[in-house]
Amino acid sequence: MIRVEHVRKRFGRKQVLRDISMEARRGEITCLVGTNGSGKSTLLRAIMGLTPLSGGRVEVDGAAFHHGMYEKVAFIPDTLTMPPGMTVRACMTFMQDFYRSWEAARGEELLAFFKLDPASRVGSLSKGTAAKLNLVLGLGLNADYVLMDEPFSGIDLFSREHIASVFASELIEDRGVLFTTHEIQDVEHLIDKVVMLDQGVIAKEFYCEDIRQREGKSVLDVMREVYQA
Amino acid sequence: MQAGIFPPIAAFNNRDPVYLQVVRHFKELIATGRLEAGQTIPSRRELAALLQINPNTAQKAYKEMEEQRLIITEGNSPSRVTHDAQLLGAIRAELVREAVEAFVATIRPIQLPTDELVEIVRAAYEAPKEGE
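These numbers come from a predicted model, not from an experiment.

**Remarks on the sheet that holds strand β5 (residues 63-64) of chain A**
All names here are of chain A. Ordered in space as β2-β1-β4-β5, the four strands form an open sheet in which the pairing is antiparallel. At either end of the open sheet lies a strand with only one pairing partner, and these are β2 (14-24) and β5. Here strand β1 (residues 2-11) runs beside strand β4 (residues 55-60); their pairing, made up of five bridges, is antiparallel. Within β4, the position partnered with Glu5 by the bridge is Arg57. Against the sheet, helix α1 (residues 40-47) contacts β1, β2 and β4, and its axis sits at roughly 65° relative to β2.

**Overview of the nonpolar core**
Residues and elements named next belong to chain A. Ranked by internal contacts, the top residues of the largest apolar core, which has 54 residues, are Leu139, Met148, Phe167, Phe179 and Met196. Looking at this core element by element, the count peaks at seven residues for helix α4 (residues 127-139). Leaving out residues up to four positions away in the same chain, Phe179 has contacts with Ile29, Thr30, Cys31, Leu32, Met148, Pro151, Phe152, Phe167, Val187 and Ile191.

**Section: the sheet that holds strand β8 (residues 176-180) of chain A**
Residues and elements named next belong to chain A. The six strands are arranged β6-β7-β8-β3-β9-β10 in an open sheet whose pairing can be described as mixed. Whereas interior strands pair on both sides, the edge strands pair on one side only; in this sheet they are β6 (73-76) and β10 (201-207). Neighbour-to-neighbour, the strand axes of the sheet open up by a mean angle of 15°, direction not taken into account. Examined bridge by bridge, β6 and strand β7 (residues 145-149) share four bridges and lie parallel to one another. Looking at β7, one finds that Val73 is bridged to Tyr145. Docked against the sheet, α4 engages β6 and β7, running at close to 170° with respect to β6.

**Thoughts on the interface of chain B and chain A**
Interface size, as often reported, equals the accessible area lost upon joining of the parts. Across the contact, 20 residues belong to chain B and 23 residues belong to chain A. For the pair chain B and chain A, the summed buried surface comes to about 1,800 Å²; carbon and sulfur atoms form 44% of the total. On the chain B side of the interface with chain A, the three residues burying the most area are Asn14, Arg15 and Gln52 of chain B, jointly 34% of the side's total. Between chain B and chain A we count one salt bridge in total. Summed over the shared surface of chain B and chain A, the result is 11 residue pairs in polar contact (both at pLDDT 80 or more). Elements that contribute at least two residues to the side of chain B that touches chain A include exactly α1 (18-31), α2 (44-51) and α3 (55-67) of chain B. The leading source of residues in the side of chain B that touches chain A is α3 of chain B, at four residues. Per-class residue counts for the side of chain B that touches chain A are 10 nonpolar, six polar and four charged.

Basis of the calculations
- Residues numbered from 1 in each chain as written.
- Chains lettered and ligands numbered in written order.
- Predicted model: local features only at pLDDT ≥ 70, side-chain atom pairs only at ≥ 80, totals over all residues.
- Heavy atoms only, no water.
- Pairing = 2+ DSSP bridges.
- Helix = DSSP H or I, 4+ residues; strand = E, 2+ residues; numbered from the N terminus.
- Contact = heavy atoms within 4.5 Å.
- Axes fitted to C-alpha atoms, helices over the stretch in contact; angles between N-to-C directions.
- Core = buried A, V, L, I, M, F, W, Y, C linked by side-chain atoms within 4.5 Å.
- Buried < 20%, exposed > 50% of the residue type's maximum accessible area, 1.4 Å probe, protein only.
- Buried area = accessible area lost by both parts, 1.4 Å probe.
- Salt bridge = Lys/Arg side-chain N within 4 Å of Asp/Glu carboxyl O.
- Polar contact = N/O pair within 3.5 Å; in protein donor to acceptor, adjacent residues only side chain to side chain.
- Nonpolar A, V, L, I, M, F, W, Y, C, P; charged D, E, K, R; others polar.

Quick look at the structure:
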């Protein structure tokens, strides 16, 4: 389990995360939602140790985050970080060299799943294709947890459906997934749990099936209540 | 098992529990004979991929159907539709009752005399379907 306890983050005078406590469990897909500037990306980066915390702590399976965790927790940022001159194949080789937990066979499977051409160069990829490569590189790691920042952003409908189908597949099974999105209506059926951030605090945290069962509401309905109140 | 009998993702609504919508869909498949008694159904993982739903939700739907004895899972073999004829009949009756209740709830505010309503229903029900 990824456990976030009383995490605070301040940039200068701006308090981006005020007092965040939440969990993301293995075998569950947790979705972090919030309006622009609500601190979603900052929280993901804070969990990954990519930005120093102003307070609080992050634990993965009971241990504080340390550099060895990068083998165990994969992070797929909202833009591809590979140099434009590299080919898709070279990116795969890079991952193989850099991570002990890289699974070459799974990487190939993912390349085929997304129909990516190993010979094409990173710089020539369309936005959607770059997003798919980003997913290949993140999901090819045999990590217990996967964090994704806006995996659907700016991507056409069919590519979005294609990416969403990964969530329902064995490529994700048994892992813990935590991701942010603005396209909640596309993935309501795919996620277990929603954590709503609002101005640096958690406004609401619930299981989707519970809220449908108890209140007959969609995730979007709850978002409207929280953010338009 | 052909994938075609399962609805595209858009057929599910976002306000009712997805697992119950899945159970209902299976009941419809059984009541209309598209799934037959004893027929093997997809694994939980296959169903999640097919319907593009959360694997935990697929699991919950199968658990519910097992509790309702709609499907039977023995050991490690794939789940099958029950052979229980009484139960299969009850599913059909349940779906008919639900559809009629929904229809009645919609039509009641219009306050038609029963005979007139029944006549309209009969005519519509017995009319040849378009394209036939």
